[in-house]
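Chain by chain, the residues:
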Amino acid sequence: MNSLDDIWQSIMDKLSSQLTPTAINTWFSDCQPIELGEKRLVLQTSSDFKRNIILQRFGQTIRDALTDLFACEFDILVLVGDELDEYRREAPDDNLPEAAAYTFDRFIVGQSNKFAHAAAVAVSENPGTVYNPLFIYGNSGLGKTHLLLAIGQAIRERNPSVKIGYVKGDEFTNQMITSLREATQEQFRQRYRNVDLFLVDDIQFIAGKIAVQEEFFHTFNNIYEAGHQIVITSDRPPLEMVKLEDRLRTRFEGGLMADIQPPDLETRMAIIRNKGQGLGLVLSDEVVDYIAENLTNNIRQIEGVVHRLTAYRDIMDDSISITSVKRAIKDVIRTGLYIPTPDAIIAETARFFGIEESDIRGQRRSKNTAMARQVAMYLIRSLTNLSLVDIGELFDHRNHSTVLSSIRKVEELIKTDSDTAASVREISANLNSRGQ
């Protein structure tokens, strides 16, 4: 699980397996997750009547789903109307997601993540004095967010009054845009610049956004110069973010950079056993070996398989055998293959080049727009199964020969121009990050 939204989606999946679509829409269409504390899930809905139904009819199912995910029991608090404002006034002054899963003792350490784990523990024990900033990078699903949040949990346990700011790169962007629209820039700045601990997840999404990078630069400096700790995660090192400003790159590289690699076989086996024990599964060595040998790159996929095995045991009254494991792995591998839509590719390409999607699709012929359009055509051809004719339809009905010419031009540039090659790699990486 990587966020509160992921956790809520898992809960909704379990409810959907037991309820009709009409029931889901009636009781949960306007129900939103607010916070997952160490022992409590906080929700918001629109009326007292819906709150009573959610708690009385579906409360136990929600609690069971949380127990399946985290192997511990949770309470449920459902807020209505102005109760959310009162709750937030009384809550700790930070926005750090809490969950029993995001702690150091639940993080399985192996050769692939040993250095990053040690650095994270050191930062949690001496924030602001060692390894500042700490920059953790690696592919999706390897535990970067887990370490980031574990640092926050550990520091807050030692000092409950600590002020923590947590944000994702794309959320920082959205919040800044909202502050400009609503003329609340000062409140936005103070939200992060006065914190004792600044945790930033997926920083790669601010690359290429000039105004956002400017704001982040000053936020970073304020926190750093005050001697407070900064921890950042990314799916790649700063050097590979071609649209990242040099002054930010040098600051990120000025601290400690720690990478996380895919787990080795021994670590994968430990993760499988640990997750199984937490869910009450007794897995044979044969089953553990089979999962570990067939899922090699992504911890999230490994955990997904173990959860599916729990479902086979509980719902289908099925024993945990190699047959059920093969079925679970087949499902995970199939759903884990992310194929971006053409619209997603065009949107990400437009974001990267700093232009409007309508310009890429239309007839504008400026050099930057033309290059963005050609790159988008190349990526759609490479990452989807659309024909040349279908691709042309997405770009104001261009004919297939124009599309082919654009694709061949980008293919040639990738071979001869390092900037084009790096740009295509970064757009592809951003698309992959959004899909996992």
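Everything in this summary refers to the structure shown in the same document. Each chain has its residues counted from 1, following the order in which its sequence is written. Given that the model is predicted, a residue must reach a pLDDT of at least 70 before its local features are reported, and side-chain atom pairs must reach 80 or more before they are shown or counted; all residues, however, enter totals for whole chains, interfaces and linings. The basis for every side-chain value is the complete set of non-hydrogen atoms in the structure, without hydrogens or water.

1. Details of the sheet that holds strand β7 (residues 229–234)
What counts is decided by this rule: Strands are treated as partners if at least two bridges between them are detected by DSSP. Each helix corresponds to a stretch of at least 4 residues labelled H or I by DSSP, and each strand to a stretch of at least 2 residues labelled E; elements are numbered beginning at the N terminus. Axis geometry follows a simple rule: fit a line to the C-alpha atoms, using only the stretch in contact for helices, then measure angles between N-to-C directions, giving values from 0 to 180 degrees. Only heavy atoms enter the contact rule, under which two residues are in contact if any of them lie within 4.5 Å.
Here 5 strands make up an open sheet; going across it, the order is β5-β6-β7-β4-β8 and the pairing parallel. The sheet terminates laterally at β5 (164–168) and β8 (256–259), the two strands that pair on one side only. Pairs of neighbouring strands in the sheet enclose a mean axial angle of 15°, with direction left out of account. Judged from the 5 bridges that link them, β5 and strand β6 (residues 197–201) form a sheet pairing that is parallel. By the bridge assignment, valine 167 is partnered in β6 with valine 200. Sitting on the sheet, helix α6 (residues 144–158) touches β4 (134–137), β5, β6 and β7, and the angle it makes with β6 is about 165°.

2. Section: the packing of aromatic side chains
Just so we agree on the cut-off: Here a pair means two rings of Phe, Tyr or Trp (six-membered ring of Trp) with centres within 6.5 Å. Their orientation is stacked below 30 degrees between planes, edge-to-face above 60, and tilted elsewhere. Think of it in three bands: residues with accessible area under 20% of the maximum for their type are buried, residues over 50% are exposed, and the middle band is partly exposed, with areas taken using a 1.4 Å probe on protein chains only. Only Lys NZ and Arg CZ are tested; either one counts as a charge over a ring when it is within 6 Å of the ring centre and within 35 degrees of the ring normal.
Counting across every chain of the model gives 15 aromatic pairs. Look at phenylalanine 198 and phenylalanine 216: their rings are 5.9 Å apart centre to centre, the planes differ by 35°, and that puts the pair in the tilted class. Remark: phenylalanine 216 occurs in helix α9 (residues 210–225) and phenylalanine 198 occurs in strand β6; sequence separation between them is 18 residues. With respect to class, phenylalanine 198 is no different from phenylalanine 216; both count as buried. Consider the rings of phenylalanine 216 and phenylalanine 252, whose centres lie 6.2 Å apart with planes at 75°: the pair is edge-to-face. Taken as a pair, phenylalanine 216 in helix α9 and phenylalanine 252 in helix α10 (residues 246–253) lie far apart in primary sequence, 36 residues in all. Each member of the pair phenylalanine 216 and phenylalanine 252 is classed as buried. Three or more aromatic residues link up through ring pairs in this structure, and these residues are Phe135, Tyr137, Phe172, Phe188, Tyr192, Phe198, Phe216, Phe220, Tyr224 and Phe252. One residue, lysine 243, lies across the ring of phenylalanine 352, its end atom 4.9 Å from the ring centre.

3. As for helix α8 (residues 185–193)
Stated formally: For this quantity, the arc is that covered by the directions from the helix axis to the C-beta atoms.
Listed as buried for α8 are Phe188, Tyr192 and Arg193. Mapping the buried residues of α8 onto a view down its axis gives an arc of 115°, with all of them on the same face. Where α8 is buried, its residues contact β5, α7 (169–182), β6 and α9.

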